[in-house]
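Listed here are the chains, written in short residue letters.
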Amino acid sequence: MGPLNRLCRSSGDGDAFRVVKINCGFDHHGYGGNLTTTTKYNLVTFLPKALFEQYRRVANIYFTVAAALSLTTFSPVRPWTTWTPLAIVLGISLIKEAIEDYKRYKADKEMNSRVVHVLDHATGAFEQRRWLDVVVGDIVRIDRNEFIPADLLLLSSETEEGTCYIETMNLDGETNLKIKTALDQTKELTSDTVQGFRAEVHCEGPNAKLYQFSGNLVMHPAGMKEVTIPLSASMILLRGCSLRNTDHVFGAVIFAGHDTKVFQNATSPPSKRSSIEHVVDKIIILMFAVLFLMCLITAIVFAVWTRDKYPAHWYLRPSLEELQYQPSNAAVTAVISFLVAFVLYGYLIPISLYVSLEIVKVVQSMVFIAFDRDMYHADSDTPAMARTSNLNEDLGMVNTVLSDKTGTLTRNVMEFFKCSIAGTSYGAGITEIERSNAARHGKVLPSNDNPNAAKHRERFFNFYDNRMMEGAWTQSADAPSIELFLRLLAICHTVIPEGPADPTAIKYEAESPDEAALVVAAKALGFFFFKRTSTTVTVRETTSRGTHDVEYEVLNVIEFSSFRRRMSVIVRDSSRRIIMFCKGADSVIYELLDPDHGPNKQLKAATSAHTSEYGSAGLRTLCLSYTELDPDFYDDWNMRYVAAKTVLDSKEREEKLGDLAKQVECKLRLLGCTAIEDKLQEGVPQCIKKLAEAGIRLWVLTGDKMETAINIGYACSLITEEMRQFVVQVPDQEHEGEGARPDADKTQHGAPPPRTATRISAELEAAKQANEVVEEQLRAALHEVQAMGTVSSKEDGAEARSSGAVGPRPAVLVIDGNALQYALSGRLSSLFLEVGLRCQAVVCCRVSPLQKAQVTGLVKSHGDVTLAIGDGANDVGMIQQAHIGVGISGQEGMQAVMASDFAIAQFRFLTPLLLVHGRWSYKRIARMICFFFYKNLLFGVTIFAYNAFTNFSGQYIYNDVYMTLFNVIFTALTPIVIGIFDRDVDRELGLKYPALYRQGQKNTYFNFWAITGWLATSLLQCAIIMVLVLVGCYPTMIDREGGDPFTMYEVGVLMFSIIIVTVHFQVAMVEEQFTWIHHFSLWASTLIWWVFLICFNYFPLWLSADLYYLFIGVVGASPQYWLMVLLVPVACLLPDFFFRSVRRHIFPSEHQLVQEEQVKLMREGKRNKSGVALPTQPAGTSGLVLHLFDRSKQHNTGFVPPYDPQSRYYNFVATETTGKPSEALQPTSIRNPVLTHLDQEMTKVTGNPYREKRTSSMLASQPQSAGGDGINGTTVMSPPGVPGAILTGGSNVTVPLQQVENPLNTSQDAAIMATYVAAMR
């Protein structure tokens, strides 16, 4: 014990094992205290660490070096003009860091100052201490609803059983309560006896395993032998949890402060940067290369000129031999000239780019996305949440969505629906999936609703079968099997009952909705579980023998894991029999069945047929089994099991426990299976259809059976009838989870046979054969999709990958988990990826959490922008692996949300997140960044060009003050407005035409040609400015009475004015949609330049220098100045204007076609203040029609707060017409006649042959419907004389109004619509 103590005490925070002496005042030297900090900085480290973070950006390093060089004597500019913008940019970033860190400091201070009752070992009394004063070995008392200050070993509670309930919301986001149990040896401790308790805890060192703990409690009873008791995670109370439904508990501190598991898990999520940011880094490197080249040219040319020409210019006094002008030492001159140019040409690099990007991204994410009412879920009062602002633009470039199924595509609200017992199927309901499958084949299934079923329905239970209800099963021939089946449901779980022992009032706290559904089913069918202690469960059983409360002693619980895929509970009943109940996946349970038990073979065949039937109906199945254990065998096994639990090394411990579990979980007897329904979320089929039309592939990664996954794929429109299905799976002998393991060779309750060389060779041969089978299936699928007309290379497939097309017939790949483990191997991964990318959808069944992350990484490696979406802890790896992680705040806690980049409440919210916010953010940020580099290149090259006219002597034409303010004042507002408010088409049109999203997938606005176009435009405009200004301001030309020509200073003001006007009107020319904010930014940014000139005239001469009374006295009074300010920008913009006009008319992009129709409609009607066409309306009309056409209410209103009166996030806004919350909450998505008319117009080529191909390609993805909702069947409103009907385009068929997807709400609105359509015709 001594060496172990020394090892533990000396190893400190990194110890592998530790010994904790409880309640003895022992100084645990080296163990961390309970003071915690989450701040990044303190007063001493803030400045150096924060600056280090800023200087990880290369641009900031450059500007700092340039500012430092400006302090030298040969700097061309005054030092403060370079330090000022640097200080502004760095200052804003440092202030932001300081504010964020101060918030963390306040939170830390509040937490460390909380109080808890700690036992003073000297006085034996409890006293209040702050959390930060708690140390390892202390005994603390936690009262109801208090938070736990450190990781504690639960010693006792106020309950007789020594149990307590804790809530782990702050730990893992789950709201359901967890039960914790004290040891039998300590659960009797009270406030009076705990002061005398002494013991040691030998346990593992600090680690991040939240749900695992290895350790032993060593007690030294007086006059008795030392007792070692194994500890488990069920006895540990973790810091951050809170005590619920228990008055108080006593616990001993094992880990404190940063050694606690919650802090061990507090690792930073993987750093993610958007694709555009990576390109920006490359552009900045390119600009640095250009800057270096310009400096090099300047240095070489000036050095040569100084050596050869400078001595001849006597008026420059070359005899002085100044340091930077030495004809005799050209090398020194070149070096100094290089440094001068390095400072002077620094305006090529946009110093304010990063700050502006941060501002724009924060507004996009924290305002537009977070306050979008279309992504607000009223039922759960949950808005969308952006947990990072770095990836906004990537939302507009997604190629592949990888999705979990349960809780993501489905609601994760489980209902017990059907079951199979002793080979007989029970339950008569029809699932949504069955109805969807029948509808696909033109069949209509009966409702099968039994009037008597309603009284039995409750939460988690939607089952009815008159053979089972109200005790009818007791008269069945299979009553003994049904009794065992229901008893297993009531016992084999970890559910915690809450409330009175009344079936109508009790509540169940379960770790998963599945478990709750099974327990509720047992209760509804006569086995009411109502009490749990640390060692017993009590069930009120209603059988043919009557109703009795039966207590079962729980001996062992072998918990469920994603690897085992089963759980078992060993109990002793009142007759002293030892029974093990086991439930799990069918593929696992079947391998554990007893081959010598006669009924197993027949039951397995019947149950397999039923599980397949249930899976086809979209139900989740579990197989149930049991076995009776021999007492002698159990005693021997349990002794070894307890010994294994005392092993401190966690890896060795898990291996031993796993082997022991295999020894007891065998020779099982099959009882049957359960089927639980998890319904699809609202709007999932429509969302998936929109994503497919947008060219986004969808990969579904689920743990369900293949039949279940395929049928749910059909139900949610992921898979359609016209798709060619490719199924990849391994032979049946390859068993999931456990691998090929012939349990039939086992002895009764014995270990599996040893892995001999022959057995290992056979396993390797089986794996080789399976690998070959998977490869053969994948190659066959690849050959067929190629033959179907898909592209055959990456170069040829660019268009197909961006559009999601795979040829004349789309394909879907379905692969199971066993085949997937071979497909992900190094040899087959590229083949699997190629097949998957050629398919419109991929469904991976029976996958593990690790395989989800591996598949995501494989798709990500291809270069596609990937988005992973899930709702549970098993989706965290996938979410963190993808470019963008989206978490759904659902029934499985908040683990996925806490690991995600964006959080939404429903899968259907992906549509506005990607097609609206993603597309807008991509276009806004791409255009904003291009504008930044355009304006800086234009400004910087003019400095270089003028310097060339002065033989690169370092002479600059502009005043250094307004050079400094170019980025931070004069052109700062416009790019921010572009990044926040730019918009090509409205939200409704963006959702109606999902094909517009493909522009982001192709990176249309930030690819090589787009960036080159902006940079080429700046170079062209620079040439025009230099030529026109230098010719127009020729020194012999005079436009003033005094006879003074333009000097360098006047030309500088003129050229800078032209640049300011040009860059802002360039933005005006490319803007898609103007608002008053756009006008304000353009005109205010331009006007502020002249306000600056006027004000700067009155500054002291030492500050204003050459600007002293220059504008008012000289430039402002010159007609030539104002004429050139008007004409030169026009000359600069004309080439780009003609190019854009020709391209728009001959090769228009998709969004421009939509814009033209939008403008046409605006011109045909009466304009409102926003310039939008409105239909003629009767006086006093308001409500729906006004809302549809009044775009003054719709400008940038994606973030307008919604209207839930109960929301804790938003205020209620009543409607004009009713003012009633209930009516305001009803969603309205009325078919807009403007959009209908747009459908008609988009199909017209209007005689332009260049547009036909582009128009048809964009509209090819639009849905066709019999009701005219598509292109060829355009729906228009009926005349006022035909109420309640519509006319479909191209026919005289009258369709009842009820069949229209979005009927009008009022007859008044219908009349207005009809009037509008008549006017259009």
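Residues numbered from 1 in each chain as written. Predicted model: local features only at pLDDT ≥ 70, side-chain atom pairs only at ≥ 80, totals over all residues. Heavy atoms only, no water.

(A) Spatial organisation of the overall build of the protein chain. Along the protein chain, the regular secondary structure elements total 42 helices and 38 strands. In the protein chain, which comprises 1321 residues, the share counted as buried stands at 55%. As displayed, the protein chain offers around 56,200 Å² of accessible surface, 58% of which is attributable to carbon and sulfur atoms. (Helix = DSSP H or I, 4+ residues; strand = E, 2+ residues; numbered from the N terminus. Buried < 20%, exposed > 50% of the residue type's maximum accessible area, 1.4 Å probe, protein only. Areas by Shrake-Rupley, 256 points an atom, 1.4 Å probe, with all protein chains shown as cover.)

(B) Broad picture of the sheet that holds strand 31 (residues 866-870). The nine strands are arranged 14-33-32-31-15-27-30-29-28 in an open sheet whose pairing can be described as mixed. Of all strands in the sheet, those bounded by a partner on one side alone are strand 14 (385-386) and strand 28 (724-728). Both strand 27 (residues 697-701) and strand 30 (residues 841-844) contribute to a ladder of four bridges, which runs parallel. Residue pairing in the sheet places Val700 in a bridge with Val843 of strand 30. The sheet strands contacting helix 22 (residues 829-837) are strand 27, strand 29 (811-815) and strand 30, and the helix crosses strand 27 at an angle near 125°. (Pairing = 2+ DSSP bridges. Contact = heavy atoms within 4.5 Å. Axes fitted to C-alpha atoms, helices over the stretch in contact; angles between N-to-C directions.)

(C) Layout of the side chain of Glu200. Relative to the assigned elements, Glu200 resides in strand 8 (residues 199-204). At 2.7 Å, the side chain of Glu200 forms a polar contact with the side chain of Lys21. If we ignore the near neighbours within four places in the chain, the residues touching Glu200 are Val19, Val20, Lys21, Asn216, Leu217 and Val218. (Polar contact = N/O pair within 3.5 Å; in protein donor to acceptor, adjacent residues only side chain to side chain.)

(D) Representation of the pattern of salt bridges in the model. The tally for this structure, following the rule as stated, stands at 50 salt bridges. Of the charged contacts, one joins Arg545 and Glu483 as a salt bridge, the two residues approaching to 2.7 Å between their closest N and O atoms. Separated by 62 residues along the polypeptide, Arg545 in the loop between strand 21 (536-543) and strand 22 (546-558) and Glu483 in helix 11 (residues 479-491) bring together distant segments of the chain. The exposed category is assigned to Arg545, whose relative accessible area is 54%. Classification of Glu483 by relative accessible area gives buried; the value is 13%. Between Arg577 and Asp573 there is a salt bridge; the shortest N-O distance is 3.1 Å. (Salt bridge = Lys/Arg side-chain N within 4 Å of Asp/Glu carboxyl O.)

(E) How the structure looks around helix 4 (residues 79-112). Between its first and last C-alpha atoms helix 4 spans 47 Å; for 34 residues at 1.5 Å apiece the expected length is 50 Å, and the two agree. Within helix 4 the residues assigned to the buried category are Thr81, Thr82, Pro85, Leu86, Val89, Leu90, Ser93, Leu94, Glu97, Asp101, Asp108 and Asn112. Buried residues in helix 4 make contact with helix 2 (46-54), helix 3 (58-69), strand 3 (126-130), helix 8 (330-344), helix 9 (353-369) and helix 27 (960-970). (Expected span 1.5 Å × (residues − 1).)

(F) Structural context of the nonpolar core. Among the nonpolar cores identified, the biggest contains 165 residues, and Leu910 and Trp1089 are the most heavily contacted of them. Residues within four places of Trp1089 in sequence aside, it is in contact with Tyr962, Phe970, Val1053, Phe1056, Ser1057, Ile1060 and Tyr1121. Core analysis: the second largest hydrophobic core is formed by 85 residues, Met567, Ala617, Leu629 and Leu657 among them. (Core = buried A, V, L, I, M, F, W, Y, C linked by side-chain atoms within 4.5 Å.)

(G) Structural view of the confidence of the model for the protein chain. Across the protein chain, pLDDT averages 78, with 79% of residues at or above 70. Confidence drops under a pLDDT of 50 for residues 1166-1313, and excluding neighbours within four residues, the segment shows 254 contacts in the predicted structure. Overall, residues 1315-1321 carries pLDDT values under 50, and its contacts beyond four positions in sequence, including any with other chains, amount to 13 contacts. (pLDDT = per-residue confidence, 0-100.)

(H) Up close: the sheet that holds strand 10 (residues 227-231). With respect to topology, four strands assemble into an open sheet ordered 1-8-9-10, the strand pairing being antiparallel. Two strands bound the open sheet, and with one partner strand each, they are strand 1 (17-22) and strand 10. Between one strand axis and the next, the sheet turns through 20° on average, direction left out of account.

(I) Summary view of the packing of aromatic side chains. Following the criterion strictly, the structure yields 42 aromatic pairs and no others. With a centroid separation of 4.7 Å and 20° between ring planes, the pair formed by Trp637 and Tyr641 is classed as stacked. Placement of both Trp637 and Tyr641 in helix 15 (residues 631-645) is noted, with a separation of four residues, approximately one turn of the helix. Exposure class is identical for Trp637 and Tyr641. Each is buried. The cationic tip of Arg114 hangs over the ring face of Trp131; the distance from NZ or CZ to the ring centre is 5.2 Å. (Phe/Tyr/Trp six-rings, centres within 6.5 Å; stacked < 30°, edge-to-face > 60°. Lys NZ or Arg CZ within 6 Å of the ring centre and 35° of its normal.)

(J) A look at the packing of helix 9 against helix 26 (residues 910-949). Packing of helix 9 against helix 26 brings their axes to within 11 Å, and their N-to-C directions diverge by 165°. By the angle class used here, helix 9 and helix 26 are roughly antiparallel. Helix 9 and helix 26 meet at a crossing whose hand is right-handed. Where helix 9 approaches helix 26, its residues Leu353, Ser356, Leu357, Val360, Lys361, Gln364, Phe368 and Ile369 are matched on the opposing element by Leu913, His917, Ser921, Arg924, Ile925, Met928, Ile929, Phe932 and Phe933. (Parallel < 35°, antiparallel > 145°, perpendicular 65-115°, else oblique. Left-handed = near helix turned anticlockwise from the far one by under 90°.)

(K) Here's a closer look at the packing of helix 31 (residues 1008-1032) against helix 36 (residues 1119-1146). Where helix 31 contacts helix 36, the axes come no closer than 10 Å and their chain directions differ by 150°. Considering their axes alone, helix 31 and helix 36 lie roughly antiparallel with respect to each other. The crossing of helix 31 and helix 36 is right-handed. Between helix 31, through Trp1014, Thr1017, Leu1020, Gln1021, Ile1024, Ile1025, Leu1028, Val1029 and Gly1032, and helix 36, the contact on the second element is made entirely by Gln1120, Met1124, Val1128, Ala1131, Cys1132, Leu1133, Pro1135, Asp1136 and Arg1140. A class-by-class count of the residues in the contact of helix 31 with helix 36 yields twelve nonpolar, four polar and two charged. (Nonpolar A, V, L, I, M, F, W, Y, C, P; charged D, E, K, R; others polar.)

(L) Region of the structure containing the environment of Glu393. Its place among the elements puts Glu393 in the loop between strand 14 and strand 15 (400-403). On the basis of relative accessibility, which here comes to 0%, the residue Glu393 falls in the buried class. It is 7.0 Å that separates the C-alpha atoms of Glu393 and Ser274, two residues lying 119 residues apart in sequence. Setting aside chain neighbours within four positions, we find Glu393 in contact with Ser274, Ile276, Glu277, Lys361, Gly918, Ser921, Tyr922 and Ile925. Reaching out from Glu393, the side chain makes a polar contact with the side chain of Lys361 at a distance of 2.9 Å.

(M) Spatial organisation of the pairing of strand 4 (residues 139-143). Most of strand 4 is tucked away, with four of its five residues classed as buried. Pairing of strand 2 (residues 115-119) with strand 4 involves two bridges; the strand directions are antiparallel. In the sheet register, His117 faces strand 4, and the bridge partner there is Arg141. As paired elements, strand 4 and strand 13 (residues 248-255) share five bridges and run antiparallel to each other. Residue pairing in the sheet places Val140 in a bridge with Gly251 of strand 13.

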